[in-house]
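Commentary on secondary and tertiary structure
Listed below, chain by chain, are the residues.
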Amino acid sequence: MPHQDGQPVVVIGAGAAGLTAATVLTQAGCNTVCLEARDRPGGRLLSTRADDGAALDLGATWFWDGEKRVQALTTRLGVGSFQQYAAGNALFQDASGVHRLPDNPVDSSAHRYVAGAGALTDRMAAELPAGTLRLSTPVTAVRATGTGLTVHTPDTLHHASHIVLAVPPALALERIDFSDQLPAGLVRLASATPVWMGNVVKVVAVYPSPFWRAEGLAGAAFSYTGPLQEVHDMSGPHGKPAALFGFARAGAATSVLRQVVTDQLTQLFGPEAGGPLALHLQDWSAEHWTSTASVHNLTDYSLFGHRLYQQPALNGRLHWASTETASDYAGHIEGALAAGERAAHAVLTARSENQITPRGSHV
């Protein structure tokens, strides 16, 4: 168990990656502080509630077979999961109209969270020792010192042995002042790395019933005319609550987008789709603590998982840990969990090595 040397490890960000890192560190006996700018944990895991209390995901929605960390976490936390509904035909929309696609080639075999994806991070946060998670605490600056790092917030100064940086790299470079202490190549990489979901609006339309299923439709569609480029069924287990969701590019005014989305859903699924009980629009590009001012221009997804993100910066004390930095499953919740684990274990290894006196050494 690592010795608590008085200087904590500071985790910046309380999304899936940050909470994973904080969990691993605290379980190893490490003095840990997790700073989150928002007034809630979760980051891009965000669930709202339908009238019946069931969860509707406005951020991350799925996980897939083979993603063992998510599967294990879902089971351990009691969130529960169910198969994405995919039975029936899909739809394809282009300038010539709407066309049926047999056997639904749009949906893959994915899993959903019974309690919503946001329940994962809510329950992870609740398990941390009291005082570990500090909400509404944005980090404004980081400085390397002779003995560690200092982490500045509007109200406090933290002296840290290591930092786990669990926010999108481009966001970190825009919101946190590193005083030109990071290598120029790393700054260029981080500033150019896309923010996963950062340039999309997620739309969720809630209905009295999943009427499309009676028409032999899976609720799945993809479109060349938009504004929704793809659509999927977001109904809960057994079709309750009934909902469709899709993704549109950010940029249109909300009032305009509401109307054109409703029009498009009507074109795809018929008149019943034109009168949703509720229409939720989550514009991730407008989220100050998710996206940067230039998020629309960040398009090179080959930068995800770059080798520089696997290496600590600032004299081996700054560790990258958002889903964008994951070497596998980047952009997925699984990638966030993996990146958080990697960063935490790197911290623990570094701290242990610093406490070992090599054999044969003399004072």
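Predicted, not measured: the structure shown is a model, and the values here were computed from it.

The rules behind these values
Residues numbered from 1 in each chain as written. Predicted model: local features only at pLDDT ≥ 70, side-chain atom pairs only at ≥ 80, totals over all residues. Heavy atoms only, no water. Salt bridge = Lys/Arg side-chain N within 4 Å of Asp/Glu carboxyl O. Helix = DSSP H or I, 4+ residues; strand = E, 2+ residues; numbered from the N terminus. Buried < 20%, exposed > 50% of the residue type's maximum accessible area, 1.4 Å probe, protein only. Pairing = 2+ DSSP bridges. Polar contact = N/O pair within 3.5 Å; in protein donor to acceptor, adjacent residues only side chain to side chain. Contact = heavy atoms within 4.5 Å. pLDDT = per-residue confidence, 0-100. Axes fitted to C-alpha atoms, helices over the stretch in contact; angles between N-to-C directions. Left-handed = near helix turned anticlockwise from the far one by under 90°. Nonpolar A, V, L, I, M, F, W, Y, C, P; charged D, E, K, R; others polar. Expected span 1.5 Å × (residues − 1). Arc of directions from axis to C-beta. Core = buried A, V, L, I, M, F, W, Y, C linked by side-chain atoms within 4.5 Å.

Any two side chains of opposite charge can pair, on the condition that their charged atoms come close. Summed over all chains, the structure comprises eight salt bridges. Between Glu127 and Arg76 there is a salt bridge, and its shortest N-O distance comes to 3.0 Å. Separated by 51 residues along the polypeptide, Glu127 in helix H3 (residues 118-127) and Arg76 in helix H2 (residues 68-77) bring together distant segments of the chain. One salt-bridge network, in which partners are shared between bridges, spans Arg69, Glu334 and Glu341.

Let's shift gears to the pairing of strand E13 (residues 157-160). A one-sided burial pattern is seen for E13, the buried positions being His158 and Ala160 and the unburied ones Leu157 and His159. The pairing of strand E12 (residues 149-152) with E13 spans four bridges and is classified as antiparallel. In the sheet register, Thr150 faces E13, and the bridge partner there is His159. Counted between consecutive antiparallel strands, the loop separating E12 from E13 contains four residues.

Turning next to the side chain of Gln264. Summarising the element assignment, Gln264 is placed in helix H7 (residues 254-269). Look at Gln264 and you get buried, because its relative accessible area is 1%. At 2.8 Å, the side chain of Gln264 forms a polar contact with the backbone nitrogen of Leu228. In contact with Gln264, other than residues within four places in its own chain, are Gln93, Ser223, Gly226, Pro227 and Leu228.

Quick look at the confidence of the model for the protein now. In this model, the protein carries a mean pLDDT of 93, and residues with pLDDT of at least 70 account for 96%. Below a pLDDT of 50 lies the segment residues 356-363, which in the model reaches zero contacts outside its immediate sequence neighbourhood of four places, other chains included.

On to the packing of helix H1 (residues 16-27) against helix H8 (residues 333-354), then. Where H1 contacts H8, the two axes come as close as 7 Å, and the packing angle between them is 35 degrees. Of the two elements, H1 crosses H8, and the hand of that crossing is right-handed. Where H1 abuts H8, its residues Ala16, Ala17, Thr20, Ala21, Val24 and Leu25 lie against Ile333, Ala336, Leu337, Gly340, Glu341, Ala344, His345, Val347 and Leu348. Counted by class, the contact of H1 with H8 contains eleven nonpolar, three polar and one charged residues.

As a further point, take H7. Spanning 16 residues, H7 covers 22 Å between terminal C-alpha atoms, matching the ideal 22 Å at 1.5 Å per step. Residues Leu257, Val261, Thr262, Gln264, Leu265, Leu268 and Phe269 constitute the buried set of H7. Along the axis of H7, the buried residues cluster in a sector spanning 165 degrees; they form a single face. Exposed residues pointing more than 90 degrees away from the buried face of H7 are listed as Ser255 and Gln267. Just downstream of H7, Gly270 is the residue with a positive phi angle, here 95 degrees.

What follows concerns the pairing of strand E9 (residues 110-113). Burial along E9 is two-sided: the face carrying Ala110 and Arg112 and the face carrying His111 and Tyr113 are both buried. Pairing geometry for strand E5 (residues 62-64) and E9, over three bridges, is antiparallel. Among the inter-strand pairings, Trp64 is bridged to a residue of E9, identified as Ala110. As defined by bridge partners, strand E6 (residues 81-83) adjoins E9 across three bridges and the pair is classed as antiparallel. Within E9, the position partnered with Ser81 by the bridge is Tyr113.

Strands sit in the order E5-E9-E6 across an open sheet of three strands; the sheet is antiparallel. Since the sheet does not close on itself, it has two edges, and those belong to E5 and E6, each with one partner. Strand after strand, the sheet turns through a mean of 40 degrees between neighbouring axes, direction not considered. Set on the sheet, H2 makes contact with E5, E6 and E9; between it and E5 the angle comes to about 120 degrees.

Quick look at the nonpolar core now. Counting residues in each nonpolar core, the largest one holds 38 residues, and the members touching the most others are Leu25, Tyr113, Leu120, Val164 and Ile333. Dropping the residues within four chain positions of it, Val164 is found in contact with Val9, Val10, Val11, Ile12, Ala21, Leu25, His319, Ala321, Ala343 and Val347. Residues Val139, Val167, Ile176 and Phe178 belong to the second largest nonpolar core, which totals 27 residues.

Here Gly226 and Pro227 are connected by a cis peptide whose omega angle stands at 10 degrees. Position of Pro227 relative to the elements: it lies in the loop between strand E16 (217-223) and strand E17 (228-233). Here the amide bond leading from Lys240 into Pro241 is cis, since omega sits at -10 degrees, within 30 degrees of zero. Looking at where Pro241 falls in the secondary structure, it is placed in the loop between E17 and strand E18 (242-249). With a phi angle near 50 degrees, Asn104 is a residue other than glycine that sits in the positive phi range. With respect to the element layout, Asn104 can be found in the loop between strand E8 (97-101) and E9. The phi dihedral of Met197 falls on the positive side, at around 70 degrees, and the residue is not glycine.

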